Amino acid sequence: MGAIAATGAAIALTAVGVLNQDGRAVLVGTAFTAMAALLALHGLATPDVIFGFNGVVSFSGGATLPVGGAVLALSALPVFRGSQGVKPLLWLQGALLAGIAALGLVGLLFPSLVPAVPAPASSAALAVLLLGLAFYGVLGLRALHTFLLTHRGSDLFVLLGLGWLTSALVAALVLDYSQLGWWVGHGLEIAGIAFVGGAVALDLHRGVQSRPLVGDLRGSALVSEEESFLGSHIRALMLRLAEKDEYTEEHTRRVALRAVQVGEELGLPPGRLRTLATGGLLHDIGKLSVPDEVLKKPGPLDEEEYALVQRHPEHGRRLLRELGGFAEGVLRLVHDHHERLDGKGYPQGLSAEELDLDTRILTVCDVYDALISTRVYRAAWSAEKAIAFLHEQAGAAFDVRCIDALADVLAREAASPLRAAV
């Protein structure tokens, strides 16, 4: 009964995915429809309940998780992720359901036609197990990458669900029905389908695409969709900053985007990309404490006004500490983003050995965006001129690795003036 209910839920998930033209959701719905339908057939074919002894019960039980893992593994192919993948996935789902129905009908009427499945823990069963573990291992790594970026509960559910499905696969291929673990595996299978499918359904309810199984979430999405991935408190601070000064809010978004792009270019792990996204968005939050007549002054600042602006990193760190919930890495980025390798930055004049790579990335991206932005007291610099200036200061003020990575990111953009030069 649980498997029949799961089949209906998986079909409903597919239908919602079709309405939203979300290939990721349809892919998950297709995999779980096949898995739940096979598991339902497995239960219906239990010997001496409705039917006598038959081979369907063994075959359907053994095929459930490998079939589901194979379908989910199709998420590696870009064609199945977007709206273009919806139609072929529907054909696949229809074919799988027709095949499962045919297996049940023919197998229960003519049991001898159902092929034998590998005996538990046999060489053939272990070979199938290794193949299945490879499928679920890849999916688990993708889900882990997404969770480390987002820290969302729903993405953690996907990771847990995949773990349970993997455990169920082991139980199905290594144990037999006389062992308790074999029966526990059935429960884990249903729970895994519920957790992963439920998380995808929740994303659809939020109006966003579900990405844990695909693992294609980029750090830039944390910046563009900060409320979904970083939390409502970040969104509230950004709105407050926009009310204070629209230019500063737009500047912080551009800097945060460039910072995570450079971080990805340099191979930073997901957790540090998340820190860069958060620190980049909030690095100028201390300017909430700067008077409007100074922050929005239509001209260069005098010495006293500049000294006032120079205190914004300290104000920002203090504000975030008072609010609570921000990692030390985020606080460090907010406080140190105006420091320089030669010790001539502010507010503390830190030296190169005191500045980590994340801070160096944010510093380069912050200066680059400031240079290419139009201000009331000067025209915007070209991208080439800004990169050339950063290179002139490389080693003294800025980290050359970060400058080169930024130049590479810019060069890949279609309309970049640096594309031909790099």
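Residues numbered from 1 in each chain as written. Predicted model: local features only at pLDDT ≥ 70, side-chain atom pairs only at ≥ 80, totals over all residues. Heavy atoms only, no water.

**Thoughts on empty space enclosed by the protein**
Within the structure shown, the criterion is met by 3 cavities of 30 Å³ or more. Of the pockets and cavities examined, the largest cavity occupies roughly 70 Å³. The wall of the largest cavity is formed by R24, L27, V28, L72, S75, V200, S210, P212, L213 and V214. With 3 residues, helix α2 (residues 23-44) is the largest single contributor of residues to the lining of the largest cavity. Of the residues belonging to the lining of the largest cavity, the class tally is 7 nonpolar, 2 polar and 1 charged. Estimates place the volume of the second largest cavity at around 50 Å³. (1 Å grid on protein atoms, 1.4 Å probe; cavity = no way out; pocket = protein on both sides within 12 Å on 5 of 7 lines; lining within 4 Å. Points joined across faces, edges and corners; volume = space filled by probe spheres on them. Helix = DSSP H or I, 4+ residues; strand = E, 2+ residues; numbered from the N terminus. Nonpolar A, V, L, I, M, F, W, Y, C, P; charged D, E, K, R; others polar.)

**Observations concerning the packing of aromatic side chains**
If you walk through the whole model with that rule in mind, you get 5 aromatic pairs. A ring pair is formed by W182 and W183, whose centres lie 4.7 Å apart and whose planes are at 80°; its orientation type is edge-to-face. Overall, W182 belongs to the buried group, its relative accessible area being 15%. The interplanar angle of 80° and the centroid separation of 6.4 Å between the aromatic rings of Y306 and Y346 together place this pair among those described as edge-to-face. Within this pair, whereas Y306 is found in helix α14 (residues 303-309), its partner Y346 is found in the loop between α16 (328-336) and α17 (357-372), the two being separated by 40 residues in sequence. The structure contains a cluster of three or more aromatic residues connected by ring pairs, namely F157, W164 and F195. Here K385 stacks its cationic end above the ring of W381, 4.3 Å away from the centre of that ring. (Phe/Tyr/Trp six-rings, centres within 6.5 Å; stacked < 30°, edge-to-face > 60°. Buried < 20%, exposed > 50% of the residue type's maximum accessible area, 1.4 Å probe, protein only. Lys NZ or Arg CZ within 6 Å of the ring centre and 35° of its normal.)

**Thoughts on the environment of G219**
Within the secondary structure, G219 is located in helix α8 (residues 219-224). Residue classification places G219 among the buried residues on the basis of a relative accessible area of 0%. Considering only alpha carbons, one finds G219 and S154, 65 residues apart in sequence, at a separation of 18 Å. Apart from the residues lying within four places of it in its own chain, the contact partners of G219 are V260 and E264. (Contact = heavy atoms within 4.5 Å.)

**Quick word on the confidence of the model for the protein**
When pLDDT is averaged along the protein, the result is 88, and 97% of the positions lie at 70 or above. Predicted confidence in the protein is weakest over helix α3 (residues 56-72), with a mean pLDDT of 83, and strongest over α16, with 97. (pLDDT = per-residue confidence, 0-100.)

**Quick look at helix α1 (residues 2-19)**
Compared with the 26 Å implied by 1.5 Å per residue over 18 residues, the 26 Å span of α1 between its first and last C-alpha is a close match. Residues of α1 that are buried include every one of A3, A6, T7, A10, L13, T14 and G17, and no others. Projected down its long axis, α1 carries its buried residues within an arc of 120°, all on one side. Facing away from the buried surface of α1 by more than 90 degrees, the exposed residues are A5 and L19. Among the structural elements, α2, α4 (86-109) and α7 (180-206) are those in contact with the buried residues of α1. Taken from the residues just after α1, Q21 is the one with a positive phi, measuring 50°. (Expected span 1.5 Å × (residues − 1). Arc of directions from axis to C-beta.)

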